[in-house]
Amino acid sequence: MRILLISSAYNGLCQRAHVELEALGHDISITLALNPDAVRKGVALFQPDLIICPFLKEKIPKDVWSQHHCLIIHPGIKGDRGPSSLDWAIMNDEPEWGVTVLQAAEDMDAGDIWASETFTVRPASKAGIYRSELTEAAIKAMRLAVKRIESGSHAPEALDYSKPDVRGELRPLMKQEQRRIDWAQDSASTIIKKINAADSAPGVLDRIDDLEYYLYGAHAESRLQGRQPGAIIAQRHGAICRAAIDGAVWISHLKRKNSVKQPFYQRFLPHAKHLDFKLPAATILGSTLKNTPEAPIAPLFNGSEATFKEIWYEEKNQVGYLHFDFHNGAMSTLQCRRLIASYRLALARPTKVLVLMGGRDFWSNGIHLNMIEAAENPAGESWRNINAIDDFVYEILTTENKLTVSAVWGGCGAGGAMAILAADRVWARAGAIFNPHYKTMGLYGSEYWTYSLPKRVGPVKALELTETPLPIGTRKAKAIGYLDEILSDQHEDYLQQVKQMAEALATAPHYPRQLEEKRKLRQKDERIKPLAAYRAAELRKMKSNFSGKFDCGEINYHQARHNFVHKIRPKETADYLAKHMRLDAAKTQRTAAILGLLRRSSIFQIGPEGDDKIDELRLKDRR
């Protein structure tokens, strides 16, 4: 079928839907719901057999959903309606939640039901649940709905609240008064739940030193305590720890309220810098924390107590597992340096295999664009950040005393999607999505990708992946050699598979031979072209990008980063997503070529009669 995806953003769920539907053989195009006319244009040009809306904040125009088969993926159980579905589920301690695929109708979320799936709600942030359990349920329900539509014989279920399995209800938008933290009354677990229900948007509005901030990234703390609830009692790696009535809570990120949006050009004026976006709490609070003590943590922390930790380590049966769970997968200069220190300590451990686990939401998404945007000199910080992540990748590439594995649960993009290739093996869960490209940010890319990527997929496929800014799923990734093994989508099963496979590597009779072959191959590659040469060539391009030159099409890195950080929506859907726009452009070019030939030929005289013939041909070509 020709399926048009209409989405408010090309987010993780939309990317996953795109990949899954294409794998099923459907012809897919995408249009962002930027305004009603953009939606109408996408529908008119693509003429879809089916419209699916994976992530939608806006209403679809009635003239679209009334004339086309239009399905909405709603993040709620049967009968649930409203814009804060998952927020309410977390706040109300729902043990189970779900996803419903609905027919678009006049009343929001009240259309006929084509499919539904449920999942267990774990204690985690809204964004974390959305990216994992909810996305898996949504894809399963979407596939079932598409199968039912293709059959032509399935009748959707009308929404009927008298049915016992229709447990949802219409809920209003959750406002800040429902999210507000009462530090004098709320327990630590309640505070964490409130922040989780608002993460990653809109955050929980709160006051610190008489100023208002949105809070994000809540973590339990089992040891530290303070006398005054709400007081900041410690800091660690950019996060702050605040006292609660029964303990303490770590908060990793803040965003100032009511900061004035600044024009792009003002970013280069130091006095005009406005940090009106999410950043590590200590970066936002600055000198306010000068008397707040540090709460140090070991570089290879492996304790079981609850606390804020970005890097931790486990070890069992000759295998080490290095976890690095950075917020949204972004890796700042300092985070990269801490990770390098932890990696070197892990290498010194008496193990045979080191597994790089990344984080639950993302393995890595490369350099930290928000921290770069906040820097006094964004170009200089970009340079420091890319060199720091290159240093980490270099450590992996030159590891000779162990076999290394990148184990990817949460997916990765840009520099992170290249960094995983530095390991000897790459494993990923079935639903992981990879974005091995940099072009949308106006960057050439580094992380030794010009060495690692062609080595795995070949130079032609490497060029295709980096020049076409589209995601790939695990099936395609394994088929082209980007990925070695596909693992379970059930988290506990996935972890068990990683452990079994890693231990099998460590105990294999041919382990010494594998390690020796690895050393010899690295030495051979180094003689052919040193890693330093790959890095130098990549960084020459990156330095040009950081200086603002258009080395990647017409995209300026500083403008692209500014738009990304400040969540500025594009004016139109990118042509690499909107197949219908490419088809329309191809038609226009073909028509122009035909008209040019006709005008140069003697078949038609230039004049009223000739112009009529040309107009007739143009109309036929558009049809």
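As the structure is a computational prediction, the values presented were derived from the model and not from experiment. (Residues numbered from 1 in each chain as written. Predicted model: local features only at pLDDT ≥ 70, side-chain atom pairs only at ≥ 80, totals over all residues. Heavy atoms only, no water.)

In terms of helices and strands, the protein carries 21 helices and 21 strands. A globule of 623 residues ought to have a C-alpha radius of gyration of about 25 Å, and the protein, at 26 Å, matches this closely. Each principal axis of the C-alpha distribution contributes one length, and for the protein these read about 85 × 70 × 60 Å. By the burial criterion, 53% of the 623 residues in the protein qualify as buried. Here the contacts in the protein between residues at least 6 apart in sequence split such that 70% fall between residues at least 24 apart. Carbon and sulfur atoms provide 52% of the accessible area of the protein, an area that totals close to 28300 Å². A gap of 4 Å separates the mean positions of the 85 positive and 75 negative side-chain charges of the protein. (Helix = DSSP H or I, 4+ residues; strand = E, 2+ residues; numbered from the N terminus. Rg over C-alpha atoms; globule rule 2.2 N^0.38 Å. Buried < 20%, exposed > 50% of the residue type's maximum accessible area, 1.4 Å probe, protein only. Contact = heavy atoms within 4.5 Å. Areas by Shrake-Rupley, 256 points an atom, 1.4 Å probe, with all protein chains shown as cover. Lys, Arg positive; Asp, Glu negative; His and termini not counted. Charge placed at Lys NZ, Arg CZ, Asp CG, Glu CD.)

Here the protein averages 92 in pLDDT, while 90% of its residues score no lower than 70. Contacts for the low-pLDDT stretch residues 265-272, under 50 throughout, to residues beyond four places or in other chains number 11 contacts. Confidence drops under pLDDT 50 across residues 597-615; counting only partners more than four residues distant or on other chains, this segment forms nine contacts. (pLDDT = per-residue confidence, 0-100.)

With that out of the way, let us pick up the packing of helix α13 (residues 449-457) against helix α18 (residues 531-546). At a minimum axis distance of 8 Å, the contact between α13 and α18 shows a crossing angle of 110°. Taken together, α13 and α18 sit at an angle that is classed as roughly perpendicular. Residues W449, T450 and Y451 of α13 form the contact with α18, whose own contacting residues are L531, Y534 and E538. Across the contact of α13 with α18, the residue classes break down as four nonpolar, one polar and one charged. (Axes fitted to C-alpha atoms, helices over the stretch in contact; angles between N-to-C directions. Parallel < 35°, antiparallel > 145°, perpendicular 65-115°, else oblique. Nonpolar A, V, L, I, M, F, W, Y, C, P; charged D, E, K, R; others polar.)

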